[in-house]
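Chain by chain, the residues:
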Protein chains: 2
Amino acid sequence: MNLAASMDPKRLAVSAADLNLKLMRWRTLPSLDINILSSVKCLLLGAGTLGCQVARMLMAWGIRRITLLDSGRVAMSNPVRQSLYTFEDCLDGGELKAVAAAKSLKRIFPAVEAESINLAIPMPGHPVPAQEADNVLKDCELLQSLIASHDVVFLLTDTRESRWLPTLICANENKVAITAALGFDSYLVMRHGSGPRPVSSDMLDATCNASDKTGDVNAIVTQMHKLSTKNEDRGQRLGCYFCSDVVAPIDSTSNRTLDQQCTVTRPGLAPIASSLAVELLVGILHHPKGINAPGEISSSIVGSSDRPLGILPHQIRGSLPQFSQLTLLGYSSKSCTACSDAVVSEFRRKGMEFVLQAINQPSYLEDLTGLTELMESVNSFRVDWDEDDSDANADD
Amino acid sequence: MNLAASMDPKRLAVSAADLNLKLMRWRTLPSLDINILSSVKCLLLGAGTLGCQVARMLMAWGIRRITLLDSGRVAMSNPVRQSLYTFEDCLDGGELKAVAAAKSLKRIFPAVEAESINLAIPMPGHPVPAQEADNVLKDCELLQSLIASHDVVFLLTDTRESRWLPTLICANENKVAITAALGFDSYLVMRHGSGPRPVSSDMLDATCNASDKTGDVNAIVTQMHKLSTKNEDRGQRLGCYFCSDVVAPIDSTSNRTLDQQCTVTRPGLAPIASSLAVELLVGILHHPKGINAPGEISSSIVGSSDRPLGILPHQIRGSLPQFSQLTLLGYSSKSCTACSDAVVSEFRRKGMEFVLQAINQPSYLEDLTGLTELMESVNSFRVDWDEDDSDANADD
């Protein structure tokens with residue numbers, strides 16, 4: 001008789017951590033797919049207030065394969081808000097955030113497969129000097145290979161422009177992407193829609209049909225593919241974080257004072273947005289259409305046995321001053337600077353050279369997607385909103 | 001020139017932790033009262049999923065004086081969901097939760113004044129054998145003295161009945177009490193209303209008027225008193241957690257199987273409810289009427305300079321299946337088994353003997369508050385809901 005399993009504390013920790021999920025499946029959610037949860041590979045872009053809490057929520061849902069990416073070090077002001085760091089991480093100049101976060105996850109749960117990547121995401125509006133171009137291209141390629149080797153990408157950085165390249169790569173690779181973003185007292189959580197043209201879907205569909213059963217590793221791999229490749233009824237694609245923008249992302253920090261560069265938010269926001277982001281992922285993982293699941297904004301299905309987790313919204317927006325929360329739905333834009341066909345096609349044709357050009361010159365993205373033309377046509381209008389007022393103040 | 005302040009990492013940590021709040025005050029919330037935040041004393045009943053996250057949120061808001069009360073030890077299944085514990089806390093039978101939580105808070109922020117109390121809260125429906133009576137009375141008295149020496153009490157335990165005694169004591173002492181409670185996929189966050197008859201309000205009002213300025217310790221103490229004693233326009237009291245019940249709290253765990261005793265909830269709930277509970281506290285601390293602030297459910301005041309934090313609801317209820325959140329308002333009940341005048345008066349008259357009787361015999365609370373009579377009058381009705389059905393199945 002082998003008692004090792006009951007004696008080794010690390011093994012005990014694994015079975016204890018599963019206990020919550022098994023109880024959940026037994027009592028309330030028979031359809032809970034613990035295999036897909038423990039197999040899905042998540043890439044977290046940003047290991048700050050949102051990244052730390054998202055990683056914790058993933059572990060609480062039984063998700064074990066977590067890669068954290070960040071380029072910063074743990075600062076003295078971080079531990080009280082960034083839930084994976086302690087005072088000790090701040091000493092001697094501060095540990096690298098991604099490294100400290102992965103260590104912290106292992107201290108919480110030794111069986112987690114946590115990796116750390118120290119990388120700054122290249123951003124439009126932050127031009128790259130010629131002598132830096134090779135390094136930035138390597139960073140772009142590393143980011144692309146990381147996204148390719150994960151099933152899900154969380155966008156948890158603190159600027160708009162740092163979300164652009166990951167959004168584009170996710171659209172190209174047709175990966176599940178989830179954004180969480182904070183204002184001073186409001187939050188946005190959004191799952192990005194699929195990319196405009198999935199890669200090699202025929203090949204993957206063939207794989208799906210060949211081994212469509214649960215329980216073994218192949219079947220789980222197949223399920224991961226399904227997440228992003230069921231295209232028979234894609235219909236109108238859901239939008240990404242940039243779909244409602246009419247300008248390309250640009251540098252939002254350089255011309256701001258130090259205090260404006262700091263992320264000043266009410267502390268309650270990050271745990272709420274992080275929790276909702278992970279609940280949204282669990283919904284996608286359990287939806288038969290995965291990334292192509294239609295966006296829902298309200299429903300009469302609650303309590304129905306075929307949708308035990310509830311609705312699967314596209315966006316959730318919340319406000320602390322009103323203690324309110326809304327679900328919203330937005331479709332992809334033909335002029336999107338990150339996920340439109342024009343942008344993804346050009347990225348496929350020119351590769352990272354395209355990315356470098358877009359980074360150095362955001363108007364290039366606006367030209368490519370027709371936003372420049374749109375803005376010109378808007379500017380060519382002249383509307384007198386109120387004739388009386390206009391007359392009173394006119395000097396022409 | 002004294003460089004100690006800039007060289008000592010612990011002092012650096014204090015000023016860095018304040019930086020977020022100072023930026024917040026400077027940029028968006030000039031009325032943010034950092035003094036009251038750093039002075040308010042919070043008692044957290046329960047150091048589980050909710051207690052850990054509430055403690056973290058308090059620290060993120062600059063609240064430094066935190067006492068954690070729990071009677072359990074850290075179990076192997078806890079660290080992935082209870083954000084102050086690590087695998088190491090589970091070894092050798094598990095550290096006491098309150099102790100491990102306080103240590104963890106100090107590892108995050110060395111300047112926190114964190115205390116731990118290892119105590120099981122006496123509960124109605126869990127009868128006390130005669131030989132245990134003295135110990136239970138001591139526990140009741142310890143709980144009472146803890147509540148008396150804190151400004152705010154968070155009710156974060158996992159059974160209904162463990163919230164009864166703290167609710168009663170808070171009503172008697174007129175302390176700010178905030179409840180967070182989780183279902184499988186829904187949450188409730190509620191601030192309890194004031195008690196039925198404040199203690200010695202004349203004396204405290206006198207204190208308030210004598211030193212009503214900010215900046216010194218006396219003024220802060222005064223503000224704390226104001227939190228619970230401004231009574232000039234109390235109007236209708238807000239309800240407590242028990243105000244809408246029509247039965248006394250009873251033992252909800254003994255007759256359940258092991259799996260039913262475990263708290264099975266979707267992991268996203270606890271961080272959301274904890275964050276909302278602390279945001280609610282910050283709202284109370286900044287409201288001129290403190291505990292007597294009327295409950296709001298929606299408002300046009302957003303953006304108004306006199307209410308920069310937004311509305312102050314009485315209850316917030318949320319549902320993950322619908323990703324929805326509502327604010328609700330409920331007034332105190334004359335028949336409440338925890339905060340009504342009948343119960344608080346009897347508690348004042350008989351002291352802990354009353355508590356012991358209520359614990360051993362919940363029907364005593366129902367007799368006292370008129371619930372027994374109410375139930376009898378309801379049962380005396382006989383309604384035939386559907387005459388046809390009734391006729392078809394009748395054998396009388």
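Everything here concerns the structure above.
Thresholds, definitions, all that
Residues numbered from 1 in each chain as written. Chains lettered and ligands numbered in written order. Predicted model: local features only at pLDDT ≥ 70, side-chain atom pairs only at ≥ 80, totals over all residues. Heavy atoms only, no water. Helix = DSSP H or I, 4+ residues; strand = E, 2+ residues; numbered from the N terminus. Buried < 20%, exposed > 50% of the residue type's maximum accessible area, 1.4 Å probe, protein only. Areas by Shrake-Rupley, 256 points an atom, 1.4 Å probe, with all protein chains shown as cover. Pairing = 2+ DSSP bridges. Right-handed = clockwise from strand over helix to strand, strands pointing away. Least-squares fit on C-alpha atoms with pLDDT ≥ 70 in both. Contact = heavy atoms within 4.5 Å. Salt bridge = Lys/Arg side-chain N within 4 Å of Asp/Glu carboxyl O. Expected span 1.5 Å × (residues − 1). Buried area = accessible area lost by both parts, 1.4 Å probe. Polar contact = N/O pair within 3.5 Å; in protein donor to acceptor, adjacent residues only side chain to side chain. Phe/Tyr/Trp six-rings, centres within 6.5 Å; stacked < 30°, edge-to-face > 60°. Lys NZ or Arg CZ within 6 Å of the ring centre and 35° of its normal.

1. Remarks on the overall build of chain A
Now for step 1: In terms of regular secondary structure, chain A is built from 16 helices and eight strands.
Now for step 2: Buried residues in chain A amount to 56% of all 396 residues.
Now for step 3: Per element, the accessible surface of chain A, about 17,000 Å² overall, is 50% carbon and sulfur.

2. Considering the pairing of strand β2 (residues 65-70) of chain A
A regular strand places its side chains on the two faces of the sheet in alternate fashion.
All names here are of chain A.
Now for step 1: The buried count for β2 comes to five of six residues, which makes it a mostly enclosed element.
Now for step 2: In the sheet, strand β1 (residues 41-45) pairs with β2 via five bridges, with the strands oriented parallel. Its bridge partner lying in β2, leucine 45 is registered against leucine 69.
Now for step 3: Handedness of the crossover joining β1 and β2 through helix α4 (residues 49-60) is recorded here as right-handed.
Now for step 4: Two elements, β2 and strand β3 (residues 113-118), share six bridges in a ladder whose sense is parallel. Residue arginine 65 lies in a different strand from β3, and its bridge partner there is glutamate 113.

3. Focus on the relation of the copies chain A and chain B
Now for step 1: Note on the copies: chain A fits chain B at an RMSD of 0.0 Å, the axial shift is 0.0 Å, and the rotation between them is 180°. Between the two chains, the operation in question is that of a two-fold axis. Considering only C-alpha atoms, the residue of chain A closest to the rotation axis is A:Ile272, which sits at 2.3 Å.
Now for step 2: Taken together, the interface assignments show that 100% of the residues at the interface of chain A recur at the interface of chain B, consistent with an identical surface on both copies.

4. Thoughts on the pattern of salt bridges
Residue and element names in this part refer to chain B.
Now for step 1: Applying the stated rule across the entire model yields 14 salt bridges over all chains.
Now for step 2: With a closest N to O distance of 2.7 Å, aspartate 18 and arginine 64 form a salt bridge. On the criterion of sequence distance, the pair formed by aspartate 18 in helix α2 (residues 9-27) and arginine 64 in the loop between α4 (49-60) and β2 (65-70) is long-range, its members being 46 residues apart. Note on accessibility: aspartate 18 and arginine 64 belong to one class, buried.

5. Details of the environment of B:Gln322
Now for step 1: Here B:Gln322 is to be found in the loop between β7 (315-319) and β8 (324-328).
Now for step 2: You can call B:Gln322 buried: its relative accessible area is 18%.

6. So, helix α6 (residues 133-148) of chain B
Since there are 3.6 residues in each turn of an α-helix, residues three or four apart along the chain are aligned in direction.
All names here are of chain B.
Now for step 1: The first and last C-alpha atoms of α6 sit 22 Å apart over 16 residues, in line with the 22 Å expected at 1.5 Å per residue.
Now for step 2: All of the buried residues along α6 are Ala133, Val136, Leu137, Cys140, Leu143, Leu146 and Ile147.
Now for step 3: Lining the buried residues of α6 we find β1 (41-45), β2, β3 (113-118), β4 (152-155), α7 (164-173) and α13 (352-360).

7. Quick word on unusual backbone geometry
Residues and elements named next belong to chain A.
Now for step 1: Of note, aspartate 92 is a non-glycine position whose phi angle comes to about 55°, a positive value.
Now for step 2: As for its placement among the helices and strands, aspartate 92 is situated in the loop between β2 and α5 (97-108).
Now for step 3: Taking relative accessible area as the criterion, aspartate 92 reaches 84% and is therefore assigned exposed.

8. So, the interface of chain A and chain B
Now for step 1: At the junction of the two partners, chain A supplies 65 residues and chain B supplies 66 residues.
Now for step 2: Between chain A and chain B, roughly 5,900 Å² of surface is buried when both sides are summed, and carbon and sulfur atoms account for 65% of that area.
Now for step 3: Among the residues chain A hides against chain B, the three largest losses belong to A:Val80, A:Phe87 and A:Phe323. Together they make up 13% of the total.
Now for step 4: Counting every contact that joins chain A to chain B gives two salt bridges.
Now for step 5: The partner of A:Glu279 in a salt bridge is B:Arg266, and the shortest N-O contact between them spans 2.8 Å.
Now for step 6: Our count for the contact surface shared by chain A and chain B stands at 16 residue pairs in polar contact (both at pLDDT 80 or more).
Now for step 7: Sorting the residues of the side of chain A that touches chain B by element identifies α2 (9-27), α4, α5, α10 (258-261), α11 (269-286) and β8 (324-328) of chain A as the ones contributing at least two each.
Now for step 8: In terms of residue count, α2(A) provides more of the side of chain A that touches chain B than any other element does, eleven residues in total.

9. Some points on the packing of aromatic side chains
Now for step 1: All chains considered together, the criterion is met by five aromatic pairs over all chains.
Now for step 2: Linked through ring pairs, A:Phe347, A:Phe354 and A:Tyr364 together constitute an aromatic cluster.
Now for step 3: Looking at B:Arg163, its charged tip hangs above the ring of B:Tyr241, at a distance of 5.0 Å from the centre.

10. Some details on the side chain of B:Thr86
Now for step 1: Mapping B:Thr86 onto the fold places it in the loop between β2 and α5 (97-108).
Now for step 2: Ignoring sequence-local partners within four residues, the contact set of B:Thr86 consists of A:Arg107, A:Ile108 and B:Pro79.

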